[in-house]
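# Coordinate inspection notes
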Amino acid sequence: MITLSINGKQVSYRGNGDVSLLHFLRNDLSITSPKDGCSGEGSCGACTVEINGLAKLACRTKMEGLSGAEVTTTEGMPSELRLLLGSMFAEKGAVQCGFCSPGFIMRAKKLFASATMPSRDDIIRHINPNICRCTGYIKIVDAIEVSLKSFFDEKNHKDTGPEASVKDAGEQPASPSATIGNAYPKYQAVDTALGNRPFVDDMFVERMHFGALKFSEHPRALVKKIDDSEAKQLPGVVRVFTATDIPGAQVTGLIVQDWPLMIAEGQHTNCIGDVVAGVVAVTEETARKALDLIRVEYEVLEAVTDMHAAVKPGSINVHAGKSNILETCSIRFGDVEDAFKQAAFTSSSVYTTQRIEHAFLETECALALPEEQGLRLYSQGQGVYVDRKLIAHILAIDEDRLKVTQVQNGGGFGGKEDLSVQGHACLFSYLLNLPVKVKLTRQESMRMHPKRHPVWMDMHLACDAGGKLTAIRLNAIGDTGAYASVGTKVMERVVGHATGAYTLPSVDIQAHTVYTNNIPSGAMRGFGVPQVVFALESCIDDLCRQGGFDRWEFRYNNALEDGAATATGQKLEGVGLKKTLLAVKEDFRKARHAGIACGIKNTGVGNGMIDDSEVKIEFVSEKKIIIHHGWTEMGQGIHTMAIQCLHEETGIEPSIMEVNVSTESGIPTGMTTSSRATALLGNAIIDAAKRINEELERAGGSLKELTGRTFKGKYLCNWTCKPGAETDDPKIHFAYGYATQVVILDDEGNISKVIAAHDAGKIMNRMLFEGQIEGAVHMGLGYALSENLSMKDGQLLTSKFKDLGILRAKQMPPVEVIGIEETDPYGPYGAKGIGEIGMVPTAAAVANAYYAFDGKKRCNLPLDL
């Protein structure tokens with residue numbers, strides 16, 4: 001027996017000494033603030049706790065070594081210190097998805113025992129073992145720094161002991177106003193920072209069982225036999241599932257139905273992310289042991305894993321009877337041939353970009369349980385109504401028998417759009433009539449969900465003697481992997497954004513979306529645009545070098561402005577691009593070594609598809625209002641935007657507002673993608689608020705009079721078209737965001753600063769705006785310099801989180817965010833999407849910085865330094 005103190009209470013443990021402290025805390029004691037982000041690798045820091053006064057990783061600490069130890073989690077911190085750190089994480093914008101926040105707070109706790117105030121560099125070094133995928137660390141450091149300053153200021157002026165000084169430091173001023181434009185704290189940020197708000201894996205229900213999935217060992221193979229006889233005999237196993245147990249549709253997909261929930265005997269696997277069987281058992285450990293006992297007999301087949309080989313005649317077909325070219329998207333106008341003949345300067349290169357892992361800290365997890373005559377699903381996906389529709393088809397039930405509740409997730413970045421474990425959890429629960437949780441390990445997550453597209457681009461760009469762009473030719477191929485996901489839409493963005501932030505009179509652009517036997521590629525922040533902007537902006541710097549043009553002036557003279565057209569022919573309104581260029585001009589020109597790049601990114605799916613949003617505002621009582629909408633909160637702040645919009649329109653106190661996302665609200669909503677949620681939901685709330693204000697006026701401003709009533713609002717955009725559509729006035733997207741970024745190098749070639757000037761239309765919440773841009777720049781820097789999810793012959797070369805190349809706090813340079821507000825004609829208050837545009841120009845600016853530094857043109861990501 002092992003006896004130890006956890007959060008000040010004596011606890012005994014009699015189990016296997018090799019079990020991790022993290023497992024004991026979460027599964028035996030239901031202490032869930034320490035999170036599992038890397039499945040025991042010890043590389044993410046989300047499980048950080050304090051052991052005998054030192055910050056330690058709970059996932060790497062075995063129970064056998066803890067006899068007599070004192071363990072503290074955020075739940076056991078002194079209440080005053082909890083208040084201080086939780087409040088400052090909220091007020092400084094250090095919480096986005098919040099999955100990593102408790103680990104950072106526990107890492108920071110030791111700093112309060114320092115003899116003197118730690119410097120900002122001290123803080124950065126101290127938190128370096130922990131990873132944040134959302135914030136870029138800047139606002140985390142800000143929150144810790146201001147907390148420490150408050151603490152040490154009090155400590156230096158009072159001699160009343162550390163507890164008293166922390167208490168005084170924790171008495172924070174009232175939150176800023178929730179009116180549009182103010183830095184109103186993120187919804188539930190304090191509880192999220194401290195680990196009080198549950199993620200799906202923090203949820204436990206009575207009689208809950210655990211599911212686990214067996215993945216294909218081969219990218220392409222015939223499944224000849226699945227022998228589960230030994231697995232069934234393992235004590236604790238409830239049932240083994242295969243594809244024959246699926247009552248409805250075996251194959252699903254967001255756009256193209258080509259992705260099997262499980263592969264049956266006699267069928268082919270198409271990638272290593274394919275599931276061949278599932279197990280449900282009384283514990284997760286038992287379920288995973290059973291997976292090893294399932295014997296699968298394969299006939300291994302040759303796989304096609306090179307996208308160039310996949311498009312050649314005679315190539316192996318990934319899907320029998322179907323071309324490997326899923327879609328070809330093209331735009332052509334003007335006389336391209338003549339433009340290149342007449343050009344003073346041309347730049348031609350082949351550019352390649354790599355496969356990237358989203359690396360959201362929270363791996364996929366779903367909890368399904370029987371409810372009434374159907375099921376309840378707690379989902380961390382990016383669209384509860386799409387989840388419901390796809391899963392209802394799998395189960396062959398009416399959609400109204402499945403209720404899906406959205407749980408704020410621990411990061412998405414596009415990687416949680418496709419069904420992952422939601423379908424399996426619901427299948428298992430439905431057939432067993434039991435609650436079932438299915439969670440992926442980090443290694444499983446990396447092999448299952450879609451990645452950022454690797455794209456090959458043969459780009460040619462021309463300009464005249466005065467530096468005016470005259471023509472572009474692009475041939476691109478994108479590896480969409482084994483299944484379509486949203487790959488066609490990603491490559492359509494490559495086409496639609498190939499002219500970047502500039503006007504070109506002659507265009508010949510084509511992009512192929514190609515099937516291979518690699519892990520699927522799909523939605524990821526930027527959605528194809530960072531890839532093509534890297535190529536375009538590199539060509540521009542090459543033209544400038546050839547023609548002796550000033551790099552800033554060249555961009556300014558060619559930049560989009562009101563009335564100018566994109567590559568798709570769409571005429572633009574509310575273009576603040578030149579203002580972003582002017583904002584960085586002085587810093588760029590005075591820097592000795594600097595790169596510059598501009599970017600444009602659509603708001604909304606567009607492309608002929610409907611963008612819409614509905615909302616319901618429910619007046620439960622005079623002290624409780626619920627905003628029902630259908631968008632996923634994954635760190636970007638959509639719930640906060642909803643509250644601020646309703647407050648702005650009605651003046652109702654935001655503290656009485658709650659947010660709910662569940663299919664029971666009956667307001668079907670698409671995927672939270674394309675930087676569109678704030679624009680669409682904001683407009684829907686403005687619509688609902690018109691009727692709320694009318695009723696409030698009749699009631700003399702009394703909320704009590706509105707109790708029991710619900711007000712609906714809606715916004716619909718149904719006027720877009722596909723690129724290349726035959727129309728005199730094409731509108732591909734209802735709005736765009738614009739940006740210019742500058743990357744400055746020191747004399748040793750290290751990045752010393754990034755300046756990001758972004759036209760966001762109306763900046764709805766300056767703190768959240770800055771946080772989104774800082775986090776996007778962090779992701780863009782990793783894309784440029786270090787991140788690469790390498791595959792060979794359809795297999796991952798590594799499935800370790802530590803090998804992904806995600807930049808840590810010590811590697812993150814200062815970022816200056818400059819907000820430009822050029823009103824958009826359609827967005828609420830003139831707002832434009834900001835979630836994706838933040839990383840669109842980053843890799844290009846980095847590449848151009850190094851081109852300026854050493855004269856070496858780099859055409860491949862990550863850059864070869």
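Residues numbered from 1 in each chain as written. Predicted model: local features only at pLDDT ≥ 70, side-chain atom pairs only at ≥ 80, totals over all residues. Heavy atoms only, no water.

### With respect to the sheet that holds strand β17 (residues 374-379)
- If you trace the seven strands from one edge of the open sheet to the other, you get β8-β12-β6-β19-β16-β17-β18, paired in mixed fashion. Two strands lie at the open edges of the sheet, namely β8 (237-241) and β18 (402-406), each paired on one side alone. Going from strand to strand, the sheet's axes swing by 20° on average, the running direction of each strand aside.
- Of the pairings in the sheet, the one linking strand β6 (residues 209-215) to strand β19 (residues 436-439) comprises three bridges and is parallel in character. Among the inter-strand pairings, Phe210 is bridged to a residue of β19, identified as Lys437.
- Its contacts with the sheet put helix α12 (residues 384-395) on β17 and β18, and the angle it makes with β18 is roughly 145°. (Pairing = 2+ DSSP bridges. Helix = DSSP H or I, 4+ residues; strand = E, 2+ residues; numbered from the N terminus. Axes fitted to C-alpha atoms, helices over the stretch in contact; angles between N-to-C directions. Contact = heavy atoms within 4.5 Å.)

### Some thoughts on the confidence of the model for the chain
- Per-residue pLDDT for the chain averages 96, and the proportion of residues at 70 or more is 98%.
- Every residue in residues 160-173 scores below 50 in pLDDT, and together they form 23 contacts with partners more than four places removed in sequence or on other chains. (pLDDT = per-residue confidence, 0-100.)

### A few points about the pattern of salt bridges
- A complete count under the given rule lists 51 salt bridges for this structure.
- Residue Arg376 pairs with Glu664 through a salt bridge whose shortest N-O separation is 2.5 Å. Note that Arg376 is positioned in strand β17 and Glu664 in the loop between β26 (657-660) and α20 (677-698), a separation of 288 residues in sequence.
- When its relative accessible area of 47% is taken as the criterion, Glu664 is described as partly exposed.
- Of the charged contacts in the structure, one is a salt bridge between Glu821 and Lys762, with a shortest N-O distance of 3.9 Å. Taken together, the residues Glu821 in the loop between β32 (815-820) and α22 (842-854) and Lys762 in the loop between β29 (751-759) and α21 (766-785) connect sequence positions 59 residues apart.
- Several salt bridges share partner residues, and in doing so they unite Arg26, Lys35, Asp36, Asp201, Asp202, Lys437 and Lys439 into one network. (Salt bridge = Lys/Arg side-chain N within 4 Å of Asp/Glu carboxyl O. Buried < 20%, exposed > 50% of the residue type's maximum accessible area, 1.4 Å probe, protein only.)

### Quick word on helix α3 (residues 101-109)
- Burial analysis of α3 places nine of its nine residues in the buried class, which makes it a mostly covered element.
- Within the sequence span of α3, burial applies to Ser101, Pro102, Gly103, Phe104, Ile105, Met106, Arg107, Ala108 and Lys109.

### Focus: the sheet that holds strand β22 (residues 506-515)
- Reading across the sheet, the five strands line up as β14-β22-β21-β20-β15 and stay open at both edges, with mixed pairing between neighbours. Of all the strands in the sheet, the pair left with one neighbour each is β14 (325-333) and β15 (345-353). Here the strands of the sheet are splayed against their neighbours by 5° on average, with no regard to which way each runs.
- Where β15 lies against strand β20 (residues 455-463), nine bridges are found, and the strand directions are antiparallel. Of the residues in β20, the one forming a bridge with Ser349 is Met459.
- Contacts from helix α16 (residues 529-547) reach β15, β20 and β21 (469-481), with the element oriented near 150° to β15.

### Considering the layout of surface pockets
- Here the largest pocket defines a volume of roughly 910 Å³.
- In terms of lining, the largest pocket is formed by 31 residues, of which the most central are His23, Asn27, Asp36, Glu284 and Glu285.
- Secondary-structure elements contributing two or more residues to the lining of the largest pocket are α1 (21-28), β6, α9 (284-293) and β19.
- By residue number, the principal contributor to the lining of the largest pocket is α1, which donates five residues.
- Here the residues of the lining of the largest pocket sort into eight nonpolar, eleven polar and twelve charged.
- The calculated volume of the second largest pocket comes to roughly 670 Å³.
- Taken together, 31 residues make up the lining of the second largest pocket; nearest its centre are Leu254, Val386, Met609, Gly670 and Met671.
- Looking at the lining of the second largest pocket, the elements with two or more residues in it are β9 (251-252), α12 and α15 (487-496).
- It is α12 that provides the largest number of residues to the lining of the second largest pocket, a total of seven residues.
- A breakdown of the residues in the lining of the second largest pocket according to their chemical character gives 15 nonpolar, eight polar and eight charged. (1 Å grid on protein atoms, 1.4 Å probe; cavity = no way out; pocket = protein on both sides within 12 Å on 5 of 7 lines; lining within 4 Å. Points joined across faces, edges and corners; volume = space filled by probe spheres on them. Nonpolar A, V, L, I, M, F, W, Y, C, P; charged D, E, K, R; others polar.)

### Describing the state of the cysteines
- Taken as a whole, this structure holds zero disulfides when the rule is applied.
- For Cys539, which is in no disulfide, the shortest distance to another cysteine sulfur is to Cys859 and amounts to 7.8 Å.
- Residue Cys539 is classed as buried on the basis of its relative accessible area, which comes to 0%.
- Summary of cysteine pairing: Cys544 is not part of a disulfide, and the nearest cysteine sulfur, belonging to Cys463, is at 7.7 Å.
- Accessibility expressed as a relative area gives 3% for Cys544, which makes it buried. (Disulfide = S-S within 2.5 Å.)

### Points about the nonpolar core
- Membership of the largest hydrophobic core comes to 151 residues, with the highest contact counts inside it found for Phe89, Ile144, Met459, Leu461 and Leu474.
- Sorting elements by how many residues they give to this core places α16 first, with ten residues.
- Grouped together as the second largest cluster of nonpolar side chains are 40 residues, Ile180, Leu706, Tyr715 and Ala831 included. (Core = buried A, V, L, I, M, F, W, Y, C linked by side-chain atoms within 4.5 Å.)

### Considerations on the packing of aromatic side chains
- According to the stated counting rule, one finds 13 aromatic pairs in the structure shown.
- Look at Phe112 and Phe151: their rings are 5.3 Å apart centre to centre, the planes differ by 75°, and that puts the pair in the edge-to-face class. You can see Phe112 sitting in the loop between α3 and α4 (120-127) and its partner Phe151 sitting in helix α5 (residues 138-157), a full 39 residues away along the chain.
- Among the residues examined, Phe151 registers a relative accessible area of 2% and is labelled buried.
- An aromatic cluster is present here, built from Phe112, Phe151 and Phe152 joined pairwise through their rings. (Phe/Tyr/Trp six-rings, centres within 6.5 Å; stacked < 30°, edge-to-face > 60°.)

### Observations regarding the side chain of Thr488
- Locating Thr488 in the fold gives a position in helix α15.
- Apart from the residues within four sequence positions on either side, Thr488 is in contact with Ile255, Leu326, Glu327 and Thr513.

### With respect to unusual backbone geometry
- With omega at -5°, the peptide bond leading from Leu861 into Pro862 counts as cis.
- Structurally, the position occupied by Pro862 is in the segment after α22.
- Positioned with a positive phi, Ser485 is a non-glycine residue whose angle comes to about 45°.
- For Ser485, the position within the fold is in the loop between β21 and α15.
- Given a relative accessible area of 4%, Ser485 falls into the buried group.
- The backbone of Ser675 sits at a positive phi, close to 50°, despite the residue not being glycine.
- Structurally, Ser675 can be placed in the loop between β26 and α20.

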